[in-house]
Amino acid sequence: MSASQAGFSWQATAATPPTVWSRWFQTLEPEAELPTAAAQPISTRDRYGLRPLNEARIDTAAEASPPLGITSWAPQSLRVTTSSYEFAGSASAVQAVTPSADVPEVAPAPTPSHPRKHSRYTRLKPADETIKLADRLQVLLEPPLELLLENQSLDFPARPFPFQMDGVAFLYPRHAAMLADEMGLGKTMQAITAIRLLLRTSAARSVLLICPKPLVSNWKREFQNWAGELPILVIEGNQTRRRWQWRQPNAPIKIANYEPLRRDADIITDPALRFDLVVLDESQRIKNRSGATSTIARSIPRERSWALTGTPVENSADDLVGIFDFLAPGHLHASMTPQRMGRLAGDYVLRRTKAQVLIDLPPKLTRDADIELTAEQREAYRLAEEKGVLRLTELGDALTIQHVFELVLRLKQICNFDPATGASAKLERLTADLEELTASGQKALIFSQWVETLGVLKKRLHRFHPLEFHGGVPSHKRDDVLNEFRDDPKRRVLLMSYGAGSVGLNLQFASYVFLFDRWWNPAVEDQAINRAHRIGASGPVTITRFLTLRTIEERIDQVLRDKRELFEQIFAGAASPRTRLSQDEIFGLFRLKCPAGPIAPMPAPTSTMADMPLLPAQ
Amino acid sequence: MPSDSLADLPLVFGFLTVVQQPSVGLVGGYLLLNAQGRPLEFHCTAAVRANRTQEILYGPTLEPYLYGEQIGRTLFQVSKLQPVAIFTDRPAALSAAEHSAAPVWLVLNEAQAPEAEGSPGSATSVDSTASAAAMLRVDAAQTSPAPMHALRCGEHRLACRPADAARGMEDRLEAVVAGFDLAEPFERIRAAIDESQRGAR
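It should be emphasised that the depicted structure is a prediction, and the values quoted were computed from it without experimental measurement. Throughout, residues of each chain are indexed from 1 in the direction in which the sequence is written. Written order decides the labels, with chains lettered from A and ligands numbered from 1. It should be noted that, the model being predicted, local features are given only for residues of pLDDT at least 70 and side-chain atom pairs only at 80 or more, the latter also being counted only at that level, while totals for whole chains, interfaces and linings use all residues.

Peer 1: What exactly am I supposed to notice about the overall build of chain A here?
Peer 2: In terms of regular secondary structure, chain A is built from 23 helices and 16 strands. The contact criterion used is a C-beta to C-beta distance within 7 Å, with each C-beta placed from the backbone. Within chain A, contacts between residues separated by at least 24 positions form 74% of all contacts whose residues are at least 6 apart in sequence. Numbered from the N terminus, helices here are DSSP runs of H or I no shorter than four residues, and strands are runs of E no shorter than two.

In structure tokens form, the structure reads like this:
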């Protein structure tokens, strides 16, 4: 490399042999990255105060007999080579952010107005599958997740755990991903937040989420909770209606269960109906590659494919291959060794267990399972409510809270099981959850307020070898029941009544608590939950509270929620009171007013129905 | 740049840093972000390494020469968008201001931050004898370095050359950068440079 290539022009006088100087420069040559620069005139003084030794440039050809023995030097601009990348996706946000016509309800992101500092930043990282440097840089150059969420003004009803932020950062940039967290770690919330980001950043405009039927209402509610600004369209109804729904362009998020997937295969595999993202919840449903559901899911035209499951491998490694045929076709083969399969799947799968991510003693994760009644239950419920309300109305001034309470209990029982057929939407959901958690070796407590309900559950859940613990179990046998539940690995489920199982028991070895029906008083529920969630617990405890939609259960829950919310608004930071239903609120459940005059005596010591089990399990 | 014209510009911020890559040399990175902090353009240089001659002849001015005149100017030239302000975390890169229509501000970390005496948003001059000012001295050839102009802007501590302070941006700077953690984008640039270098290898 010559001196000029190094960014200099130089001249040597005859008194200083050029060969010597040349050698000197050669030994000090810069690295090859320094490019050639064109010669420039020498100025009398460069901007850094370095005065050249010669005021005038001396051409090489004219150096034959220089008048003085001087050496000239001048800085020259290096031609520094660069690599450039432009990111069109963000360009629209240079000016005011305008929502797309296809996603009309998604509010624009306002310019942030408060300086932020975070103790922890969750950085986005490109997937290994991302090959192009420009694509990888685009991910790396995105703001950290915390700033990305804030800049899009995405609020949360609760502060996500750091591991949940990691999960969002994992999903968001990926075109193929499986979130396989252990049950109860918030896969739903993580997926919703990642979807929300994709929509808000215009990286996606059309998302299809497919889940088991009992979970549709739960997803809908979770979307409302975590991303209330996003419009949701649930694909349901008769064929004509579904066909119309599938083709709705203005619904950025469509939720369907696995059944319409088969019935509407011709529509959703139509290339004209292309989704930016398809998410399969409980994706083990497609583990059988030859099954119709799996075939159709793989055929849905899409840009991104995500799978959510707590049990990516239920029976064999083939299960994982089946899911990967949806995520990244051909990436895994059944003939691979499990070790090789694990290596290849590594970058696509994020799985955390509670023990890994929830280090401090034990977080209590509560989730509301919103259940839609089966058709049989719905009809039985409708009839019972209509007749019941009519009777209450006819009672007139003779109406007492006891009458209302009886109707409430009757309706709550129907919410558990249809009295004629035994159909139970709650049981379907419970069974699905138990399959998952027992497969991972976990144990569960199931609470009900009725012995009869526990009896039915014992029969219907016989494959989980449930034990019972309630007032009907003789006292001298109760310790044996608890010991067997603790020590026998086959005994995964303990059916308990609130009365018998709410206090004085240490069941820390159970990681899951299901409230099959709800008690009147949250304090009693808390006591029941604390049988498992207490010091000494082996890990976090997940509480699932079943709630049937558009029923008396939902109305009671709403009243309690409103009261808690009001309390928290007024006394921010204070713990919620142990809210109970007042007499007026009980009447209000059926839009009835307290009759004028004295109220009939309450069977409880106060004027509330806080601890008033008319048909207790004990 | 006159403040009047800044008002007409979309909110684009430039972030310039230079990374010393072991055994390779200096790599400059220039990231342009929109008001939401999302990337619009990214430019980086190939590795640049001063030879011994340059080190001798430029002496203490070598870094400002390489960071500002060579790397900074080149990166500014290849960018398409015009930022309203450019931020750097490398004092030596302040010399790039001479090649930019937008003012170049140094984002000071805790160790660098001089004790600005004014209220938020107010400017104070920093004594050249202070250690912080010595760190910001960019022209060693001057017998009496010009004092840096320091600015407290919300939670940020910024400094610039006096000539940049006269560009009229200062009074609006706090409002403009209120939504930014100004130190954070440099981490992105460094990660992107690392990725680029890995790709090059």
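Peer 1: Help me understand the overall build of chain B in this model?
Peer 2: In terms of regular secondary structure, chain B is built from seven helices and eight strands. Three exposure classes are used. Buried residues have 20 or more other C-beta atoms within 10 Å of their own C-beta, exposed residues have 12 or fewer, and partly exposed residues fall in between, all C-beta atoms being placed from the backbone. Split into buried and exposed, the 201 residues of chain B put 53% on the buried side. When contacts within chain B are restricted to residue pairs at least 6 apart in sequence, long-range pairs at least 24 apart make up 61% of them.

Peer 1: Mind showing me how you'd approach the pairing of strand β1 (residues 13–21) of chain B here?
Peer 2: Residues and elements named next belong to chain B. Counting buried positions along β1 yields seven of nine residues, so the element is predominantly enclosed. Pairing between strands is defined by DSSP: at least two bridges between the two strands are required. The turn linking β1 back onto strand β2 (residues 25–33) is made up of three residues, and serine 23 within it adopts a positive phi angle of 65°. Where β1 and strand β4 (residues 85–88) come together, four bridges link them in parallel fashion. By the bridge assignment for β4, leucine 16 is matched with threonine 88.

Peer 1: How should I be thinking about the sheet that holds strand β12 (residues 444–448) of chain A in this particular structure?
Peer 2: Picture the strands of a sheet paired through backbone hydrogen bonds; they go either parallel or antiparallel. Residues and elements named next belong to chain A. One open sheet accounts for six strands, arranged β11-β16-β15-β12-β14-β13; its pairing is parallel. Of all strands in the sheet, those with a lone pairing partner are β11 (364–371) and β13 (467–469), marking the two edges. Averaged over all pairs of adjacent strands, the angle between their axes in this sheet comes to 20°, without regard to strand direction. Axes here mean lines fitted to C-alpha atoms, for a helix over just the part in contact, with angles spanning 0 to 180 degrees between N-to-C directions.

Peer 1: So what exactly am I meant to see when it comes to the pairing of strand β15 (residues 512–515) of chain A here?
Peer 2: One face of the sheet, then the other: side chains in a regular strand alternate in exactly this way. Residues and elements named next belong to chain A. Burial along β15 is two-sided: the residues Tyr512 and Phe514 and Val513 and Leu515 are all buried. Two elements, β15 and strand β16 (residues 541–548), share four bridges in a ladder whose sense is parallel. Looking at β16, one finds that leucine 515 is bridged to arginine 545.

Peer 1: Is there a simple way to think about the packing of helix α12 (residues 317–327) of chain A against helix α13 (residues 338–345) of chain A in this case?
Peer 2: The description of two packed helices rests on the angle between their axes and on the distance between the axes. Residues and elements named next belong to chain A. In the contact formed by α12 and α13, the axes pass within 11 Å of each other and the chain directions differ by 30°. One finds that α12 runs roughly parallel with respect to α13. Pair α12 / α13 crosses with left-handed handedness. Only Pro338, Met341 and Ala345 of α13 make contact with α12, whose side of the interface consists of Ala317, Leu320 and Phe324. Of the residues contributing to the contact of α12 with α13, the split by class is six nonpolar, no polar and no charged. For classification purposes, an angle smaller than 35 degrees is called roughly parallel, one larger than 145 roughly antiparallel, one from 65 to 115 roughly perpendicular, and anything else oblique. A crossing counts as left-handed when the near helix is turned anticlockwise from the far one by less than a right angle, and as right-handed when that turn is clockwise. In this classification, Asp, Glu, Lys and Arg are treated as charged, Ala, Val, Leu, Ile, Met, Phe, Trp, Tyr, Cys and Pro as nonpolar, and every other residue, Gly included, as polar.

Peer 1: Help me understand the sheet that holds strand β9 (residues 302–308) of chain A, please; the structure alone is not making it clear to me.
Peer 2: Residue and element names in this part refer to chain A. Strand order in the open sheet formed by seven strands is β6-β7-β5-β8-β9-β4-β10, and the pairing between neighbours is parallel. In the strand order of this sheet, the two ends are held by β6 (232–234) and β10 (349–350), each with one partner. In terms of strand pairing, strand β4 (residues 176–179) meets β9 through four bridges, oriented parallel. Looking across to β9, one finds that alanine 176 is bridged to serine 305. Packed on one face of the sheet, helix α5 (residues 162–171) meets β4, β9 and β10 and runs near 155° to β4.

Peer 1: How do you make sense of the packing of helix α15 (residues 375–395) of chain A against helix α16 (residues 401–416) of chain A when you look at a structure like this?
Peer 2: Residue and element names in this part refer to chain A. Between α15 and α16, the shortest axis-to-axis distance is 10 Å and the interhelical angle comes to 175°. When the axes of α15 and α16 are compared, the pair comes out roughly antiparallel. In this structure, α15 contributes Gln377, Ala380, Tyr381, Ala384, Glu385, Gly388, Leu392 and Leu395 to the contact, and α16 contributes His403, Val404, Leu407, Arg410, Leu411 and Ile414. Residues belonging to the contact of α15 with α16 are distributed by class as follows: nine nonpolar, three polar and two charged.

Peer 1: Looking at this model, I keep getting lost on unusual backbone geometry. Mind explaining?
Peer 2: With glycine set apart, most residues show a phi of negative sign, and most peptide bonds adopt trans. Residues and elements named next belong to chain A. Although it is not a glycine, serine 202 adopts a positive phi angle of roughly 60°. Here serine 202 lies in the loop between α6 (187–200) and β5 (207–211). A positive phi angle, close to 50°, is found at histidine 465, a residue other than glycine. Positionally, histidine 465 belongs in the loop between α18 (451–460) and β13. Classification of histidine 465 as partly exposed rests on a count of 16 C-beta atoms within 10 Å.

Peer 1: Help me understand α16 of chain A, please; the structure alone is not making it clear to me.
Peer 2: Helical geometry: 3.6 residues make up each α-helical turn, so side chains three or four residues apart lie on a common side. Expected helix span is taken as 1.5 Å per residue step, with the number of steps being one fewer than the number of residues. Over its 16 residues, α16 of chain A extends 23 Å from the first C-alpha to the last, a length consistent with the 22 Å expected when each residue adds 1.5 Å. Buried within α16 of chain A we find Ile401, Val404, Val408, Leu411, Lys412, Ile414, Cys415 and Asn416 of chain A.

Peer 1: What should I look at first to understand the environment of aspartate 325 of chain A in this one?
Peer 2: Residue and element names in this part refer to chain A. Among the structural elements, aspartate 325 can be located in helix α12. A C-alpha to C-alpha distance of 8.7 Å links aspartate 325 and serine 294, two positions 31 residues apart in sequence. For aspartate 325, the residues in contact, after removing those within four places along its chain, are Arg289 and Arg298.

Peer 1: Sorry if this is basic, but what is going on with helix α17 (residues 425–439) of chain A here?
Peer 2: Residues and elements named next belong to chain A. For α17, built from 15 residues, the straight-helix expectation of 21 Å at 1.5 Å per residue is met to within 8% by its first-to-last C-alpha distance of 22 Å. Of all the positions in α17, only Ala425, Lys426, Leu427, Arg429, Leu430, Asp433, Leu434, Glu436 and Leu437 are classed as buried. Directly beyond the C-terminal end of α17, a positive phi value near 80° is found at glycine 441.

Peer 1: How should the confidence of the model for chain B be read in this particular structure?
Peer 2: Note: predicted coordinates in regions of low pLDDT should not be interpreted at a detailed level. Residue and element names in this part refer to chain B. The predicted model of chain B has a mean per-residue pLDDT of 77, with 70% of residues at 70 or higher. pLDDT gives the predictor's per-residue confidence on a scale running from 0 to 100. Confidence over residues 115–135 falls short of pLDDT 50; this stretch has 41 contacts with residues more than four positions distant or in other chains. Per-residue pLDDT stays below 50 along residues 140–144; that stretch engages in six contacts with residues further than four places along the chain or on separate chains. ipTM for the predicted complex: 0.82, alongside a pTM of 0.61.

Peer 1: Even after reading the chapter, I still don't get the environment of alanine 345 of chain A, so can you show me in this structure?
Peer 2: Residues and elements named next belong to chain A. Among the secondary structure elements, alanine 345 is positioned in helix α13. For the pair alanine 345 and alanine 177, spaced 168 residues apart in sequence, the C-alpha to C-alpha distance is 9.6 Å. Ignoring any residue separated from it by four or fewer positions in sequence, one finds alanine 345 in contact with Leu320, Phe324 and Leu332.

Peer 1: Looking at this structure, how should I read the confidence of the model for chain A?
Peer 2: For chain A, the mean per-residue pLDDT works out to 75, and 70% of the residues sit at or above 70. Low pLDDT, under 50, characterises residues 1–67 of chain A; the predicted model gives this stretch 100 contacts beyond four residues in sequence or across chains.

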